Amino acid sequence: MKLFLGSTLVEEADATVSPFDRGFTLGDGLFETLRVKTGKVLRVEAHLARLAAGADVLGMPLPAIDLAVALAQTAAANGLSEGVLRLTLTRGTGPRGVLPPAEPKPTVVITAAPLSPPLPAARLVIAQGTRRNDRSPLAQVKSLNYLDGILARQEAARRGADDAILLNTRDGVAETSIANLFAVIDGVLVTPPLSEGVLPGVMRAEVIAAGAQELPLTADDLASAEEILLTSALGIRSVATLEGRPLPSTAAADRLRSLIEGA
């Protein structure tokens, strides 16, 4: 595999990142996962806009390169027709301590991977061991610090589920460990607003543009949902069960896949 590192493409075996990089030592960085379809990197502008917004929150400079071009080059160099790119941006190296260097030099890494086979409908539980901090500015930043999501995903695995829904500090529904969440309640497709501690997902924005409404949700609301679906940059996934309760409908997910993924 060839990857993009710094400002150029390199072979995987030749790629090195400093052990003093703050992305490694402190999780001081951001990432974006992008879908490649028929050789084209999808929704590049939306992903890069979210990256820039996250960098602004962290007070981190963006690299002085054209990231859209770098993404396309990485896909082409790997002959990626259907696949996934991951763009990682860190603050770069720095001295010991939490305070960033006065003049950071960001590290950029872009990797490529083939697209995995479609996943079956997900089995969800509601995480009991961790919460989404809706009061933190990091709630809307796709940061390298992913430990709450990892804890929730580990809990889900222990409970025989595929993923876990994270509630926020006020018992509201936020999202799962890796995806935004939508529910059909009384015939209306709804999703929690960003104020609930929700990451501003790129696919989430597409589904809202297709007619979904933003509405605070509770676990009780989900208990009466007719359908639940998950969205990420890689697609739309139906939900089979929530806490063991079957959710047989996939009508909204099927319609959205046809409308958005098929576009």
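Parameters at a glance
- All chains use their own residue numbering, which begins from 1 and follows the written sequence.
- Per-residue local features are limited, in this predicted model, to residues with pLDDT of at least 70; the limit for side-chain atom pairs, both in listing and counting, is 80 or more; totals at the level of whole chains, interfaces and linings are taken over all residues.
- In computing side-chain values, all of the structure's heavy atoms are included and hydrogens and water are not.
- The term salt bridge refers to a side-chain nitrogen of Lys or Arg lying within 4 Å of a carboxyl oxygen of Asp or Glu.
- To qualify as a helix, a DSSP run of H or I must reach at least 4 residues; to qualify as a strand, a run of E must reach at least 2; elements of each kind are numbered from the N terminus.
- Using a 1.4 Å probe on the protein chains alone, a residue whose accessible area is under 20% of its type maximum counts as buried, one over 50% counts as exposed, and one in between counts as partly exposed.
- In this description, a nonpolar core means a group of buried Ala, Val, Leu, Ile, Met, Phe, Trp, Tyr and Cys residues linked to one another through side-chain atoms lying within 4.5 Å.
- What makes two residues a contact is simply this: any of their non-hydrogen atoms within 4.5 Å.
- At least two DSSP bridges between two strands are required for those strands to pair.
- Orientation is described by axes fitted as lines to C-alpha atoms, over the contacting stretch for helices, and by angles from 0 to 180 degrees between their N-to-C directions.
- Note on terminology: angles under 35 degrees are roughly parallel, angles over 145 are roughly antiparallel, angles of 65 to 115 are roughly perpendicular, and the others are oblique.
- The crossing is said to be left-handed when, going from far helix to near helix, the turn is anticlockwise and less than a right angle, and right-handed when the turn is clockwise.
- Any residue outside Ala, Val, Leu, Ile, Met, Phe, Trp, Tyr, Cys, Pro, Asp, Glu, Lys and Arg is labelled polar, Gly included; the first ten of those are nonpolar and the last four are charged.
- Here a polar contact is recorded for every N or O atom pair within 3.5 Å, except that within protein the pair must consist of a potential hydrogen donor and a potential acceptor, and residues adjacent in sequence are included only if both atoms are side-chain atoms.

Undergrad: Before we go on, may I ask you to explain the pattern of salt bridges in this structure?
TA: Opposite charge on two side chains allows them to pair when their charged atoms are near. What the rule picks out here adds up to 14 salt bridges. Arg 91 serves as the salt-bridge partner of Asp 28, at 2.6 Å between the closest nitrogen and oxygen. Separated by 63 residues along the polypeptide, Asp 28 in the loop between α1 (22-26) and β3 (29-37) and Arg 91 in the loop between β5 (83-90) and β6 (107-114) bring together distant segments of the chain. Exposure class is identical for Asp 28 and Arg 91. Each is buried. Each of Arg 22, Asp 28 and Arg 91 takes part in one network of salt bridges that share partners.

Undergrad: Sorry if this is basic, but what is going on with the nonpolar core here?
TA: Note on soluble globular proteins: their nonpolar side chains tend to be buried together. Counting 22 residues, the largest nonpolar core has Leu 71, Leu 85 and Leu 87 as its most contacted members. Those elements giving two or more residues to this core turn out to be β3, α2 (44-58), α3 (67-77), β5 and β6. Not counting chain neighbours up to four residues away, the residues in contact with Leu 85 comprise Glu 32, Thr 33, Leu 34, Val 36, Val 41, Leu 71, Thr 74, Ala 75, Leu 80, Thr 111 and Ala 112.

Undergrad: In this structure, what is going on with the sheet that holds β3? I would like to understand it.
TA: Either a parallel or an antiparallel arrangement is found when strands of a sheet pair, and the pairing is made through backbone hydrogen bonds. The strand order across the open sheet formed by six strands is β2-β1-β6-β5-β3-β4, and the pairing between neighbours is antiparallel. Strands with a single pairing partner mark the edges of an open sheet, and in this sheet they are β2 (8-11) and β4 (40-41). Pairing of β3 with β5 involves eight bridges; the strand directions are antiparallel. Residue pairing in the sheet places Arg 35 in a bridge with Val 84 of β5. Across the sheet, α2 lies against β3, β4 and β5, angled at about 175° from β3, the strand it touches most.

Undergrad: Explain the environment of Ala 13 here, please?
TA: Its location among the elements puts Ala 13 in the loop between β2 and α1. Separated by 53 residues in the primary sequence, Ala 13 and Asp 66 have C-alpha atoms spaced 24 Å apart.

Undergrad: Explain the packing of α2 against α3 here, please?
TA: Geometry of a packed helix pair, given as the angle between the helix axes and the separation of the axes. Contact geometry of α2 with α3 gives a least axis separation of 10 Å together with a crossing angle of 125°. The orientation of α2 relative to α3 falls into the category oblique. Taken as a pair, α2 and α3 cross one another with a handedness that is right-handed. Packed against α2, whose contacting residues are Val 44, Leu 48 and Leu 51, the element α3 presents Leu 67, Ala 68 and Leu 71 at the interface. Here the residues of the contact of α2 with α3 sort into six nonpolar, no polar and no charged.

Undergrad: Would you take a moment to explain the side chain of Glu 32 for this structure?
TA: Within the secondary structure, Glu 32 is located in strand β3. A distance of 2.7 Å separates polar atoms of two side chains, one belonging to Glu 32 and the other to His 47. Within the structure, the side chain of Glu 32 is placed 2.7 Å from the side chain of Arg 50, a separation counted as a polar contact. Setting aside anything within four residues of it in sequence, one finds Glu 32 in contact with His 47, Arg 50, Leu 51, Leu 85, Arg 86, Leu 87 and Lys 142.

Undergrad: Can you help me understand the pairing of strand β10 (residues 180-185) in this one?
TA: The side chains of a regular strand alternate between both faces of the sheet. In terms of burial, β10 is a largely internal element, six of the six residues being buried. By the alternation rule, side chains of β10 split into Asn 180, Phe 182 and Val 184 and Leu 181, Ala 183 and Ile 185, which are all buried. Across five bridges, the pairing between β10 and strand β13 (residues 227-232) is antiparallel. Bridging from a neighbouring strand, Leu 181 pairs with Leu 230 of β13. Taken together, the three bridges between β10 and strand β11 (residues 188-191) define a ladder with antiparallel strand orientation. The residue bridging Ala 183 from the neighbouring strand is Val 190, located in β11.

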